[in-house]
Amino acid sequence: MLHAEVDGHGPRLVLVHGFAQNRDCWGPIGVDLAKDHEVVRVDAPGHGRSSTFHAGLRTGARLIADQGGQATYLGYSMGARFVLHLGLANPELVDRLIVVGGTGGIDDPDARADRRRNDEALAHRLEREGVGPFVDAWLALPLFAGLSPEMRFLEARKENTVQGLAESLRQAGTGSQDPLWSSLAQLEMPVLVVAGGNDAKFRAEAHRLVGSIGANADLVLVADAGHAAHLEQPAAFLSLLREWLATA
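Residues numbered from 1 in each chain as written. Predicted model: local features only at pLDDT ≥ 70, side-chain atom pairs only at ≥ 80, totals over all residues. Heavy atoms only, no water.

### Concerning the packing of aromatic side chains
- Considering all chains together, one arrives at 4 aromatic pairs under this definition.
- Between phenylalanine 19 and tryptophan 138, the ring centres sit 5.1 Å apart and the planes meet at 75°, which makes this aromatic pair edge-to-face. You can see phenylalanine 19 sitting in the loop between strand 2 (12-16) and helix 1 (28-33) and its partner tryptophan 138 sitting in helix 5 (residues 131-139), a full 119 residues away along the chain.
- The class of tryptophan 138 is buried, set by a relative accessible area of 15%.
- With centroids separated by 5.8 Å and ring planes inclined at 45°, the aromatic side chains of tryptophan 138 and phenylalanine 144 adopt a geometry described as tilted. Of the two residues examined, tryptophan 138 and phenylalanine 144, each falls in the buried class.
- Taken together, the ring pairs in this structure connect Phe19, Phe134, Trp138 and Phe144 into an aromatic cluster. (Phe/Tyr/Trp six-rings, centres within 6.5 Å; stacked < 30°, edge-to-face > 60°. Helix = DSSP H or I, 4+ residues; strand = E, 2+ residues; numbered from the N terminus. Buried < 20%, exposed > 50% of the residue type's maximum accessible area, 1.4 Å probe, protein only.)

Now the structure itself:
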(Lines give C-alpha, C1' and ligand atoms only; values in the text may rest on other atoms or scores of the structure.)
Protein backbone atom coordinates (compact mmCIF):
# COMPACT_ATOMS: atom_id res chain seq x y z
CA MET A 1 0.00 0.00 0.00
CA LEU A 2 1.19 3.53 -0.74
CA HIS A 3 2.59 5.48 2.17
CA ALA A 4 0.31 8.14 3.64
CA GLU A 5 0.14 10.29 6.75
CA VAL A 6 -3.12 11.32 8.40
CA ASP A 7 -3.91 14.45 10.40
CA GLY A 8 -7.07 15.95 11.85
CA HIS A 9 -10.66 14.79 12.20
CA GLY A 10 -13.76 15.28 10.12
CA PRO A 11 -14.73 14.54 6.51
CA ARG A 12 -11.92 12.73 4.72
CA LEU A 13 -9.85 14.77 2.26
CA VAL A 14 -7.05 13.04 0.32
CA LEU A 15 -4.18 15.18 -1.02
CA VAL A 16 -2.13 13.97 -3.99
CA HIS A 17 0.99 16.02 -4.75
CA GLY A 18 2.76 16.92 -7.99
CA PHE A 19 5.79 15.37 -9.69
CA ALA A 20 9.05 15.45 -7.70
CA GLN A 21 7.21 16.44 -4.51
CA ASN A 22 6.05 14.22 -1.65
CA ARG A 23 3.41 14.16 1.11
CA ASP A 24 5.15 17.01 3.00
CA CYS A 25 4.95 19.48 0.11
CA TRP A 26 1.49 20.82 1.00
CA GLY A 27 2.80 23.17 3.69
CA PRO A 28 0.09 25.38 5.19
CA ILE A 29 -2.61 23.82 2.99
CA GLY A 30 -2.54 20.49 4.79
CA VAL A 31 -2.23 22.11 8.20
CA ASP A 32 -5.20 24.41 7.68
CA LEU A 33 -7.48 21.75 6.19
CA ALA A 34 -6.70 19.37 9.07
CA LYS A 35 -8.45 21.80 11.45
CA ASP A 36 -11.79 20.34 10.36
CA HIS A 37 -10.97 17.44 8.00
CA GLU A 38 -9.26 14.10 8.24
CA VAL A 39 -6.45 14.94 5.84
CA VAL A 40 -4.68 12.01 4.16
CA ARG A 41 -1.41 13.12 2.55
CA VAL A 42 -0.41 10.37 0.12
CA ASP A 43 3.03 9.72 -1.33
CA ALA A 44 2.15 9.12 -4.98
CA PRO A 45 3.69 6.14 -6.82
CA GLY A 46 7.41 6.67 -7.35
CA HIS A 47 7.62 9.38 -4.70
CA GLY A 48 8.64 9.74 -1.07
CA ARG A 49 8.13 6.54 0.89
CA SER A 50 6.18 5.10 -2.06
CA SER A 51 9.28 5.26 -4.28
CA THR A 52 9.29 1.50 -4.89
CA PHE A 53 5.75 1.58 -6.32
CA HIS A 54 6.11 2.11 -10.07
CA ALA A 55 2.77 2.64 -11.77
CA GLY A 56 1.06 4.41 -14.62
CA LEU A 57 -1.89 6.72 -14.14
CA ARG A 58 -4.61 4.07 -14.14
CA THR A 59 -2.85 1.67 -11.78
CA GLY A 60 -1.59 4.56 -9.66
CA ALA A 61 -5.13 5.89 -9.33
CA ARG A 62 -6.24 2.51 -8.04
CA LEU A 63 -3.39 2.46 -5.51
CA ILE A 64 -4.38 5.94 -4.33
CA ALA A 65 -8.00 4.82 -4.02
CA ASP A 66 -6.88 1.80 -1.97
CA GLN A 67 -5.20 4.18 0.47
CA GLY A 68 -7.77 6.99 0.43
CA GLY A 69 -11.06 5.13 0.34
CA GLN A 70 -14.29 7.15 0.34
CA ALA A 71 -13.23 10.80 0.32
CA THR A 72 -12.92 14.12 -1.39
CA TYR A 73 -9.76 14.00 -3.53
CA LEU A 74 -7.53 17.00 -4.22
CA GLY A 75 -4.70 16.62 -6.73
CA TYR A 76 -2.09 19.06 -7.99
CA SER A 77 -0.51 18.77 -11.48
CA MET A 78 0.54 15.11 -11.71
CA GLY A 79 -1.71 14.49 -8.72
CA ALA A 80 -4.58 16.16 -10.59
CA ARG A 81 -4.16 13.66 -13.41
CA PHE A 82 -4.18 10.79 -10.92
CA VAL A 83 -7.40 11.96 -9.26
CA LEU A 84 -9.13 12.53 -12.62
CA HIS A 85 -8.38 8.92 -13.49
CA LEU A 86 -9.61 7.86 -10.04
CA GLY A 87 -12.85 9.78 -10.44
CA LEU A 88 -13.52 8.10 -13.78
CA ALA A 89 -12.56 4.58 -12.64
CA ASN A 90 -14.05 4.63 -9.13
CA PRO A 91 -16.70 7.35 -8.95
CA GLU A 92 -18.37 5.58 -6.03
CA LEU A 93 -15.34 6.47 -3.86
CA VAL A 94 -15.15 10.15 -4.80
CA ASP A 95 -17.42 12.55 -2.92
CA ARG A 96 -15.90 15.61 -4.59
CA LEU A 97 -12.95 16.22 -6.87
CA ILE A 98 -10.53 19.18 -6.77
CA VAL A 99 -8.09 19.57 -9.65
CA VAL A 100 -5.26 22.14 -9.40
CA GLY A 101 -3.10 22.78 -12.47
CA GLY A 102 -4.51 19.72 -14.23
CA THR A 103 -5.06 18.56 -17.79
CA GLY A 104 -7.12 15.99 -19.62
CA GLY A 105 -4.10 15.04 -21.70
CA ILE A 106 -2.52 15.76 -25.08
CA ASP A 107 -4.89 15.18 -27.99
CA ASP A 108 -2.48 15.12 -30.91
CA PRO A 109 -0.67 11.75 -31.20
CA ASP A 110 2.50 13.34 -32.59
CA ALA A 111 2.62 15.92 -29.79
CA ARG A 112 1.99 13.16 -27.26
CA ALA A 113 4.86 11.12 -28.73
CA ASP A 114 7.11 14.19 -28.53
CA ARG A 115 6.19 14.57 -24.86
CA ARG A 116 6.98 10.90 -24.21
CA ARG A 117 10.42 11.41 -25.76
CA ASN A 118 10.91 14.49 -23.59
CA ASP A 119 9.86 12.57 -20.48
CA GLU A 120 12.32 9.81 -21.38
CA ALA A 121 15.10 12.37 -21.86
CA LEU A 122 14.29 13.84 -18.44
CA ALA A 123 14.41 10.36 -16.90
CA HIS A 124 17.88 9.78 -18.43
CA ARG A 125 19.04 13.17 -17.14
CA LEU A 126 17.80 12.27 -13.66
CA GLU A 127 19.66 8.95 -13.81
CA ARG A 128 22.87 10.74 -14.83
CA GLU A 129 22.72 13.65 -12.39
CA GLY A 130 20.92 12.32 -9.32
CA VAL A 131 17.95 13.70 -7.41
CA GLY A 132 19.55 16.84 -5.95
CA PRO A 133 20.79 18.44 -9.19
CA PHE A 134 17.64 17.32 -11.02
CA VAL A 135 15.35 18.94 -8.45
CA ASP A 136 17.37 22.16 -8.57
CA ALA A 137 17.04 22.26 -12.36
CA TRP A 138 13.34 21.31 -12.20
CA LEU A 139 12.54 24.17 -9.83
CA ALA A 140 14.49 26.58 -12.04
CA LEU A 141 11.88 26.13 -14.79
CA PRO A 142 9.73 29.23 -15.48
CA LEU A 143 6.69 27.17 -14.42
CA PHE A 144 7.83 27.46 -10.80
CA ALA A 145 9.21 31.01 -10.81
CA GLY A 146 6.46 32.21 -8.45
CA LEU A 147 7.38 29.84 -5.62
CA SER A 148 8.97 31.39 -2.55
CA PRO A 149 12.01 29.58 -1.10
CA GLU A 150 10.02 28.01 1.73
CA MET A 151 7.37 26.70 -0.69
CA ARG A 152 9.93 24.89 -2.82
CA PHE A 153 10.32 22.20 -0.13
CA LEU A 154 13.83 21.31 -1.25
CA GLU A 155 14.60 18.93 1.61
CA ALA A 156 11.29 17.11 1.30
CA ARG A 157 11.77 16.69 -2.45
CA LYS A 158 15.21 15.20 -1.96
CA GLU A 159 13.66 12.28 -0.08
CA ASN A 160 12.71 11.00 -3.54
CA THR A 161 14.83 8.42 -5.34
CA VAL A 162 16.32 8.37 -8.83
CA GLN A 163 14.51 5.18 -9.82
CA GLY A 164 11.18 6.29 -8.39
CA LEU A 165 11.15 9.63 -10.18
CA ALA A 166 12.51 8.20 -13.42
CA GLU A 167 9.80 5.55 -13.56
CA SER A 168 7.17 8.16 -12.68
CA LEU A 169 8.24 10.17 -15.72
CA ARG A 170 8.13 7.10 -17.93
CA GLN A 171 4.88 5.60 -16.69
CA ALA A 172 2.84 8.54 -15.38
CA GLY A 173 4.12 11.49 -17.39
CA THR A 174 1.76 13.50 -19.58
CA GLY A 175 3.22 11.78 -22.66
CA SER A 176 2.05 8.40 -21.38
CA GLN A 177 -1.47 9.63 -20.59
CA ASP A 178 -4.30 8.63 -22.89
CA PRO A 179 -6.45 11.76 -23.43
CA LEU A 180 -9.44 11.87 -21.11
CA TRP A 181 -11.38 14.70 -22.72
CA SER A 182 -14.12 12.58 -24.28
CA SER A 183 -14.73 10.77 -20.98
CA LEU A 184 -14.86 13.73 -18.59
CA ALA A 185 -18.62 14.23 -18.94
CA GLN A 186 -18.97 10.94 -17.02
CA LEU A 187 -17.82 12.70 -13.84
CA GLU A 188 -21.03 13.30 -11.91
CA MET A 189 -19.60 14.37 -8.54
CA PRO A 190 -18.96 18.09 -7.82
CA VAL A 191 -15.64 19.10 -9.37
CA LEU A 192 -13.59 22.22 -8.64
CA VAL A 193 -11.02 23.12 -11.29
CA VAL A 194 -8.32 25.53 -10.12
CA ALA A 195 -5.58 27.32 -12.05
CA GLY A 196 -3.28 30.24 -11.41
CA GLY A 197 -4.42 33.44 -13.06
CA ASN A 198 -0.89 33.96 -14.44
CA ASP A 199 -0.56 30.40 -15.77
CA ALA A 200 -1.75 30.86 -19.36
CA LYS A 201 -1.30 27.24 -20.44
CA PHE A 202 -3.12 25.65 -17.51
CA ARG A 203 -5.68 28.43 -17.34
CA ALA A 204 -6.74 27.36 -20.85
CA GLU A 205 -6.68 23.71 -19.76
CA ALA A 206 -8.89 24.61 -16.78
CA HIS A 207 -11.50 26.25 -19.01
CA ARG A 208 -11.48 23.20 -21.26
CA LEU A 209 -11.81 20.83 -18.29
CA VAL A 210 -14.85 22.67 -16.99
CA GLY A 211 -16.43 22.72 -20.44
CA SER A 212 -15.78 19.01 -20.89
CA ILE A 213 -17.08 17.98 -17.46
CA GLY A 214 -20.26 20.04 -17.58
CA ALA A 215 -22.58 21.76 -15.14
CA ASN A 216 -21.22 20.02 -12.03
CA ALA A 217 -17.79 21.63 -12.54
CA ASP A 218 -16.77 25.01 -11.18
CA LEU A 219 -13.76 27.08 -12.25
CA VAL A 220 -11.62 29.14 -9.89
CA LEU A 221 -8.64 31.24 -10.98
CA VAL A 222 -6.23 32.27 -8.21
CA ALA A 223 -5.06 35.83 -8.80
CA ASP A 224 -1.33 36.61 -8.95
CA ALA A 225 -0.40 32.92 -9.07
CA GLY A 226 1.26 30.62 -11.55
CA HIS A 227 1.20 26.84 -11.92
CA ALA A 228 1.54 26.01 -8.20
CA ALA A 229 -1.31 28.37 -7.31
CA HIS A 230 -2.01 26.73 -3.95
CA LEU A 231 1.60 27.26 -2.82
CA GLU A 232 2.11 30.70 -4.36
CA GLN A 233 -1.07 32.15 -2.83
CA PRO A 234 -2.03 29.73 -0.04
CA ALA A 235 -4.35 32.09 1.85
CA ALA A 236 -6.31 33.00 -1.29
CA PHE A 237 -6.43 29.36 -2.39
CA LEU A 238 -7.71 28.20 0.99
CA SER A 239 -10.37 30.90 1.07
CA LEU A 240 -11.63 29.90 -2.38
CA LEU A 241 -11.45 26.21 -1.59
CA ARG A 242 -13.27 26.49 1.72
CA GLU A 243 -16.03 28.57 0.13
CA TRP A 244 -16.53 25.85 -2.47
CA LEU A 245 -16.38 23.00 0.07
CA ALA A 246 -19.11 24.69 2.10
CA THR A 247 -21.52 24.74 -0.84
CA ALA A 248 -20.59 21.82 -3.13
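### Some words on the nonpolar core
- The biggest cluster of nonpolar side chains holds 80 residues, and the ones touching the most others in it are Tyr73, Leu74, Leu97 and Ile98.
- In terms of residue count, the dominant contributor to this core is helix 3 (residues 78-89) (6 residues).
- Apart from residues no more than four positions distant in its own chain, leucine 97 is found in contact with Tyr73, Val83, Leu84, Leu187, Met189, Pro190, Val191, Leu192 and Trp244. (Core = buried A, V, L, I, M, F, W, Y, C linked by side-chain atoms within 4.5 Å. Contact = heavy atoms within 4.5 Å.)

### Brief notes about the packing of helix 2 (residues 57-68) against helix 3
- Across the interface, helix 2 lies against helix 3 with an axial gap of 8 Å and an inter-helix angle of 80°. The orientation of helix 2 relative to helix 3 falls into the category roughly perpendicular. Where helix 2 approaches helix 3, its residues Leu57, Arg58, Gly60, Ala61, Ile64 and Ala65 are matched on the opposing element by Arg81, Phe82, His85 and Leu86.
- Here the contact of helix 2 with helix 3 is composed, by residue class, of 6 nonpolar, 2 polar and 2 charged. (Axes fitted to C-alpha atoms, helices over the stretch in contact; angles between N-to-C directions. Parallel < 35°, antiparallel > 145°, perpendicular 65-115°, else oblique. Nonpolar A, V, L, I, M, F, W, Y, C, P; charged D, E, K, R; others polar.)

### A few points about the environment of alanine 248
- Tracing the chain through its elements places alanine 248 in the segment after helix 10 (234-247).
- Apart from residues lying up to four places away in sequence, alanine 248 is in contact with Arg96 and Pro190.

### With respect to the pairing of strand 7 (residues 217-222)
- Inspection of the sheet shows strand 6 (residues 191-196) paired to strand 7 by 6 bridges, in the parallel sense. Opposite alanine 195, over in strand 7, you have leucine 221 as the bridge partner.
- The parallel pair strand 6 and strand 7 is bridged by helix 8 (residues 200-213), and the resulting crossover is right-handed. (Pairing = 2+ DSSP bridges. Right-handed = clockwise from strand over helix to strand, strands pointing away.)

### Section: the packing of helix 4 (residues 109-129) against helix 7 (residues 162-172)
- Contact pair helix 4 / helix 7: the axes reach a minimum separation of 8 Å and the direction vectors enclose 175°. One finds that helix 4 runs roughly antiparallel with respect to helix 7. Residues Asp119, Glu120, Leu122, Ala123, His124, Leu126 and Glu127 of helix 4 form the contact with helix 7, whose participating residues are Val162, Leu165, Ala166, Leu169 and Arg170.
- By residue class, the composition of the contact of helix 4 with helix 7 is 7 nonpolar, 1 polar and 4 charged.

### Examining helix 3
- The end-to-end C-alpha distance of helix 3 is 17 Å, a good match for the 16 Å that 12 residues give at a rise of 1.5 Å each.
- Across the 12 residues that make up helix 3, a large majority, 10, are buried.
- Within helix 3 the residues assigned to the buried category are Met78, Gly79, Ala80, Arg81, Phe82, Val83, Leu84, His85, Leu86 and Gly87.
- As for helix 3, its buried residues are in contact with strand 2, helix 2, strand 4 (71-76), strand 5 (94-100), helix 7 and helix 8. (Expected span 1.5 Å × (residues − 1).)

### Considering the environment of serine 212
- You can see serine 212 is positioned in helix 8.
- Apart from residues no more than four positions distant in its own chain, serine 212 is found in contact with Trp181, Leu184 and Ala185.

None of this, on its own, says anything about what the molecule does.
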